[in-house]
Structures are given as C-alpha cells and as structure tokens.
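# Coordinate inspection notes
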Amino acid sequence: QWQALPTIHHNGILQGYVIRLYDLRTAEVSNFTVIDSGAQTYTYTLVNLKLSGYQVNIMAYNQEGLSPPATRSIQDRARKADPPRNLVSMATSDNNIQLSWQPPAEIGGIETYTVVWCKLETDVSCLGPEKNLSVMGSQLSVKVIDTWEPFTRYRFALKAGNSAGLSDLSNAAVGYTVQGVPSSPPQNVMVQAETATSLLVEWNAPPVQDRRGVITTYRVYYYVTPSVSGQQMATAEQIMAVNITDDSQPVLLSLSELEPFTSYTVTVSAVTTQGEGNRTEATWGRTSQAAPSDPPTNIQISDVTVNTVALSW
C-alpha cells in the first residue's frame with residue numbers, strides 16, 4: 001500500500017505506477033502495473049510468491065519515463081522443512097523401484113524432493129557412493145530407474161527442499177527389484193532359561209548379502225531333546241511364527257508353556273515373500289528348576305512306639 005504521488009511532482013500527466021519485485025534468492029524480477037485512478041491511496045496484492053526474501057520498488061510513471069523508486073524489503077521467513085513422511089518402496093513389473101511418500105507435517109513451500117539411495121553392505125553402511133535424483137515438489141511418488149542387481153538390498157531416503165535448504169532425511173525404505181529365498185539361515189541363535197516353563201530365544205538376521213529379499217517372518221521350531229538315559233523322550237516338533245517389520249534388528253522371543261527343568265532343541269529359519277530359507281544348526285536350552293509337582297507315594301507307617309515311628313515311601 002502506498003500514497004499517491006502529489007500532483008506537484010507529476011511533471012506531466014501521471015499514467016500510473018510500476019511495482020518491480022526482485023527475488024533476493026533467485027534474482028528473478030517481476031513487474032506489475034497499476035493505472036492511475038486519481039485515488040489518494042493504492043493497494044496491490046502480490047500473489048504466488050515463493051518463500052524467499054524480496055526487494056519491492058514502487059515507481060510513478062508518465063510518458064517520459066519512471067520516477068526514482070521507493071524501496072522496501074521483505075525478509076525471508078522460510079525455514080527448513082520437516083523431513084518427508086512414510087517413505088515406502090515397491091518393486092515394479094519392469095524391475096525398477098517405485099517410491100511413494102507423504103509431505104512434511106509442516107509443508108513450508110516445498111520446491112523439490114531429493115531421493116538418495118545406495119547398495120547396502122550392512123544394515124547401516126553403503127557399498128559405494130550414494131546416488132540421488134531430484135523430483136518436483138508437487139510430486140509424492142517417483143519411479144527410480146537404475147542398473148539394479150537382483151537379490152540385492154538397496155536403501156532409499158528422501159529430503160524436502162525449500163528456499164531455506166534441505167530437510168533432514170526421511171525414514172529409510174529398503175527395496176529389492178527381484179526377491180528370492182534367503183541363502184543362509186539366521187545368525188547368533190541363543191537359547192536360555194527364562195522361567196521354569198519358558199525359554200528366551202534370541203537371534204540376528206542372515207547377512208545382508210544372503211537375505212535376497214525383505215525378511216517378513218521367522219519360524220522357530222522346537223521340541224523336547226531326548227536324553228540318553230531315556231528320562232526325556234522326544235516330543236512332536238512345534239512351530240512358532242514371528243512376524244517382523246524391520247529385518248535389521250535382533251529378535252527376542254519367549255517360548256512358553258514348556259516343561260520344568262527340561263532340555264529343548266531349537267532351530268530358526270527366515271522367510272521372505274518368495275519362501276523359507278534353511279534352518280539354523282540346532283541350539284539347546286533347558287528350562288529352570290521348579291518345585292516338585294507331585295507328592296511322595298506309598299507312604300507307610302510302622303514300628304510305632306511311645307515316642308518313635310518309622311516312615312517309609
């Protein structure tokens with residue numbers, strides 16, 4: 001908003017005003033014309049602006065040219081956006097990776113998204129440099145095309161960019177163009193007593209290069225270990241399925257409703273969408289002791305005297 005130029009300064013027939021907008025970040029210049037209407041005060045709304053700093057020059061003009069500018073500055077109010085949310089990866093029919101996501105919780109004038117990805121050597125470290133792809137800020141999905149290796153684990157993440165810079169990385173999404181069955185079993189299986197009727201079983205995922213897909217389930221097989229003396233007889237094998245959402249994390253499972261002070265044999269396998277891999281080598285564990293579950297039997301009393309009695313059972 002500005003006041004009309006006093007008549008004494010028109011130096012001719014005033015035709016109107018020019019608003020010159022200078023984007024301090026991109027150096028873009030835009031001009032807007034307001035025709036003189038004889039008003040004392042003029043108002044003009046600048047629309048479709050980006051989050052940036054601006055210099056605004058307002059000049060009066062007649063047929064001989066422009067007046068000197070009246071200048072005002074608008075500070076850049078942009079801040080870095082929050083990270084994009086809920087990044088998901090999916091293999092496409094042409095063996096590429098389709099990514100989709102939701103915008104930051106506070107959008108903040110997103111101009112671009114930057115997709116970064118790499119081939120993983122471990123669950124947290126890349127094998128070689130990261131690659132990147134820039135996507136327009138209006139998009140919430142993109143197909144990423146690269147020379148993918150089959151049965152290979154890739155990690156994807158996303159940054160949102162506005163005039164203040166790039167956000168922190170989004171959640172990571174793991175992708176495979178072609179999945180298979182794990183080529184090796186889970187690692188570091190440990191079995192230990194939890195109570196007299198339960199065992200704790202802990203394990204890690206197979207090595208990254210052997211998973212050949214995203215592990216969605218583990219299967220735990222267990223049965224009573226037969227003893228040489230015959231006091232413990234083998235029981236029918238039981239199976240427990242454990243569904244997971246992050247196959248980079250160790251898994252801890254409690255096997256319950258077991259027999260006290262009894263040895264069990266445990267094996268574990270990993271499962272992807274393509275099937276089940278090999279089981280681990282057998283691992284053994286024994287539940288804790290418990291108080292005897294039955295009383296003594298055949299109690300006999302004999303040789304009763306005034307102050308003694310003989311007991312047998």
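Refer to the preceding data block for the structure.
Numbering of residues begins from 1 in every chain and follows the order in which that chain's sequence is written. Only residues with pLDDT of 70 or above have their local features reported here, since the model is predicted, and side-chain atom pairs are shown and tallied only from 80 upward, although totals for entire chains, interfaces and linings are computed over all residues. As a convention, hydrogens and water are excluded, and side-chain values are obtained from all of the structure's heavy atoms.

Looking now at the pattern of salt bridges. Whenever a carboxyl oxygen of Asp or Glu lies within 4 Å of a side-chain nitrogen of Lys or Arg, that contact is scored as a salt bridge. Considering all chains together, one arrives at ten salt bridges under this definition. A salt bridge links Lys119 to Glu149; the nearest nitrogen and oxygen atoms lie 3.0 Å apart. Of this pair, Lys119 sits in strand S10 (residues 112-119) while Glu149 sits in the loop between strand S12 (141-144) and strand S13 (154-162), and the two are 30 residues apart along the sequence. Relative accessible area serves as the criterion here: at 36%, Glu149 is assigned to the partly exposed category. Put simply, DSSP marks the helices as runs of H or I at least four residues long and the strands as runs of E at least two long, and each gets a number from the N terminus on. Between buried and exposed lies partly exposed: a residue is buried under 20% and exposed over 50% of the maximum accessible area for its type, with that area taken using a 1.4 Å probe on protein chains only.

Another aspect to go through is the nonpolar core. The nonpolar side chains of a soluble globular protein tend to be buried with one another. What we call a nonpolar core is a set of buried Ala, Val, Leu, Ile, Met, Phe, Trp, Tyr and Cys residues that are connected through their side-chain atoms within 4.5 Å. Core analysis: the largest hydrophobic core is formed by 21 residues, its most contacted members being Trp203, Tyr218, Val220, Val242, Leu255 and Val266. At the level of elements, strand S16 (187-195), strand S17 (198-204), strand S18 (217-224), strand S20 (251-255) and strand S21 (263-272) are the ones that each hand at least two residues to this core. By definition in these notes, contact holds between two residues if any of their heavy atoms fall within 4.5 Å. Excluding residues that lie within four positions of it along the chain, Leu255 makes contacts with Thr197, Ser198, Leu199, Val201, Val220, Tyr222, Met240 and Val266.

Here we come to the sheet that holds strand S8 (residues 85-91). Any two strands between which DSSP finds at least two bridges are classified as paired. Overall, antiparallel pairing links the three strands, which are arranged S8-S9-S12 in an open sheet. Both outer strands of the open sheet, S8 and S12, are each paired with one neighbouring strand and no more. Neighbour-to-neighbour, the strand axes of the sheet open up by a mean angle of 20°, direction not taken into account. Relative to S12, strand S9 (residues 97-102) is paired through four bridges, and the arrangement is antiparallel. Bridged to Ser100 within S12 is Ser141. In this analysis an axis means a line fitted to C-alpha atoms, helices contributing only their contacting stretch, and an angle means the value between N-to-C directions, from 0 to 180 degrees.

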